[in-house]
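# A structural walkthrough
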Amino acid sequence: MPEKTTISIIKCDVGSLAGHHIVPKPLIDIGKKQLKEAQKGGLINSYYVFNAGDDLELLMVHQKGETNPEIHKLAWNTFQEAANKAKALKLYGAGQDLLGTAFSGNVRGMGPGVAEMEIEERGSDPIAVFAADKTEPGAFNFPMFKIFGDPSNTAGLVIDPSMIGGFKFEVLDVMENKKVIMKCPEEMYELIALIGTPERYVVSHVWRARDNLICGSTSTTRLSLIAGKYVGKDDPVSIVRSQHGLPALGEVLAPYMHTFFVEGWMRGSHWGPLMPVSLKDSRCTVFDGPPRIVALGFQVGNGMIASDDNGEPLISDLFEDPAFGLARREAIECAALIRGMGEFEPARLSSHAMEYTTLPKVLEKLKKRFVKADS
Ligand code: F6R
Ligand code: MG
Ligand code: MG
């Protein structure tokens, strides 16, 4: 059996510059230094460090498998060191997502977000990694459905015989901590019935149905459920495998040709249009947004990211392209439109979703002022 390869993307808001805005260079440098050492020591084979707005993102390719304690410890120690630097610089929200105190083998449930995918490498394995800021894991429901379930997005579902058997979606109920696997196209309507409620039901994995080939994985952390109080949204990450009997890269990116609304944005309390941006525009500004997403494209082979002769990983900044200019313009127009409604629903999230924000504290003091109304 050939050795399997694992792609791990682990992220954390360890503190940011000028508000909940951007990860500054000294913290990115700590990420690069730590992962370079881990590569030299043979723990990981390749890495890439970047930011999605105020989140520090560690992309690692290795052969240790998913939820490996050494890999998770590496991420945890890196975030700790970066958080200490953030504290020393008095950056904003220093250490905000590091909720756990003592590391116990796995960063899941301790604050950082994780998406991992262990694969048996195909002859050539193109991978796309997505990282969003100011939104939550359910934000991937719509594009994941479009990519793997919607024949109007993915021509391969109609044209490529190797995809005609469809895809299986694992859906996590983040409130009850239960999961279910649903098969498309047979259960498409029921799948949409669930994942159309992204605050509760989150697509966590996708497999090709005919051979259970893993092809999608997303982070599913709910910080507020871990911490028991509002601690921001869980800016999510995901990994998608493409081509040769899977959706083509172009089909994986097609859902981002238009903007769509996601929960998050200012104070994690608003519907906002998701804006695909290049790495250089990966910073939230207006009304702490609009929620942004970046995407990296690369090849995995021989247990690592394909690299140049100097060992630098070959990474394509997928949204650095005028083809996403329309989505960006739509996002800005939708942002301006919905902000015109101020704090009135549906600009603000539903009262149910607002239970996980700081709003209930504000409403609490009004409770005793209410008197019985005449019927
Ligand atoms: C959203 C987010 C920001 C903050 C907002 C207020 O996930 O992190 O929108 O909620 O900037 O932050 P504080 O309360 O820290 O001033
Ligand atoms: Mg922040
Ligand atoms: Mg963030």
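Since we're looking at a predicted model, the values are computed, not measured.

Applying the stated criterion to the full structure yields 11 aromatic pairs. Both rings, one in Phe-130 and one in Phe-319, keep their centres 6.1 Å apart while their planes meet at 50°; by these two values the pair is tilted. Here Phe-130, found in strand E5 (residues 125-133), pairs with Phe-319, found in the loop between strand E16 (316-317) and helix H8 (325-339); they are 189 residues apart in sequence, far enough to count as distant. For the residue pair Phe-130 and Phe-319, the accessibility class agrees, reading buried in each case. Through a chain of ring-to-ring contacts, the aromatic side chains of Phe-130, Phe-140, Phe-142, Tyr-256, Phe-260, Phe-319 and Phe-324 assemble into a single cluster. Across the ring face of Phe-287, the terminal group of Arg-339 is positioned such that the distance to the ring centre comes to 3.7 Å.

Distances from the magnesium ion (ligand 3) to its protein donors, Asp-54 (OD), Asp-55 (OD), Asp-133 (OD) and Asp-235 (OD), fall at 2.0 to 2.5 Å. Here the magnesium ion (ligand 2) and the magnesium ion (ligand 3) are spaced 4.7 Å from one another, each receiving a donor from Asp-54. What makes Asp-54 buried here is its relative accessible area of 2%.

This part covers the state of the cysteines. Counted under the stated rule, the structure contains 0 disulfides. Free of any disulfide, Cys-215 has its nearest neighbouring cysteine sulfur in Cys-184, separated by 12 Å. Assessed through its relative accessible area of 0%, Cys-215 is described here as buried.

Our focus in this paragraph is the coordination of the magnesium ion (ligand 2). Perfect tetrahedral coordination of a metal by four donors corresponds to 109.5 degrees between them, and perfect octahedral coordination by six donors corresponds to 90 or 180 degrees. Protein-derived coordination of the magnesium ion (ligand 2) comes from Asp-13 (OD), His-20 (ND1) and Asp-54 (OD), at a distance range of 1.9 to 2.3 Å. Each donor residue of the magnesium ion (ligand 2) belongs to the same chain, with the gaps between them written as D-x6-H-x33-D.

The local shell around ligand 1 holds 10 residues, among which His-20, Tyr-92, Trp-265, Arg-267 and Asp-288 are the closest. Measuring from an oxygen atom of ligand 1, one finds a backbone N or O atom of Arg-267 at 2.9 Å. The side chain of Asp-288 places a nitrogen or oxygen atom 2.5 Å from an oxygen atom of ligand 1. Against a free-state accessible area of 410 Å², the protein chains account for coverage of 72% of ligand 1. Among the residues making up the shell around ligand 1, the classes are represented as 4 nonpolar, 2 polar and 4 charged.

Strand order in the open sheet formed by 4 strands is E2-E3-E1-E4, with antiparallel pairing between adjacent strands. Two strands lie at the open edges of the sheet, namely strand E2 (46-52) and strand E4 (113-119), each paired on one side alone. Averaged over all adjacent pairs, the angle separating strand axes in this sheet is 10°, with direction ignored. Packed onto the sheet, helix H1 (residues 25-40) meets E2 and strand E3 (55-62) and runs at close to 165° relative to E2. Against the sheet, helix H2 (residues 69-88) contacts strand E1 (5-12), E3 and E4, and its axis sits at roughly 150° relative to E3.

Another point: the pattern of salt bridges. Evaluation of the coordinates by the stated rule reveals 18 salt bridges. For the salt bridge of Arg-108 with Glu-116, the shortest nitrogen-to-oxygen distance reads 3.8 Å. Classification of Glu-116 by relative accessible area gives buried; the value is 2%. Each of Asp-54, Asp-133 and Lys-134 takes part in salt bridges that share partners, so that together they form one network.

Cut-offs applied
Residues numbered from 1 in each chain as written. Chains lettered and ligands numbered in written order. Predicted model: local features only at pLDDT ≥ 70, side-chain atom pairs only at ≥ 80, totals over all residues. Heavy atoms only, no water. Phe/Tyr/Trp six-rings, centres within 6.5 Å; stacked < 30°, edge-to-face > 60°. Helix = DSSP H or I, 4+ residues; strand = E, 2+ residues; numbered from the N terminus. Buried < 20%, exposed > 50% of the residue type's maximum accessible area, 1.4 Å probe, protein only. Lys NZ or Arg CZ within 6 Å of the ring centre and 35° of its normal. Donors = N, O, S within 2.8 Å, 3.2 Å for Na, K, Ca; no water. Disulfide = S-S within 2.5 Å. Near = heavy atom within 4 Å. Polar contact = N/O pair within 3.5 Å; in protein donor to acceptor, adjacent residues only side chain to side chain. Areas by Shrake-Rupley, 256 points an atom, 1.4 Å probe, with all protein chains shown as cover. Nonpolar A, V, L, I, M, F, W, Y, C, P; charged D, E, K, R; others polar. Pairing = 2+ DSSP bridges. Axes fitted to C-alpha atoms, helices over the stretch in contact; angles between N-to-C directions. Contact = heavy atoms within 4.5 Å. Salt bridge = Lys/Arg side-chain N within 4 Å of Asp/Glu carboxyl O.

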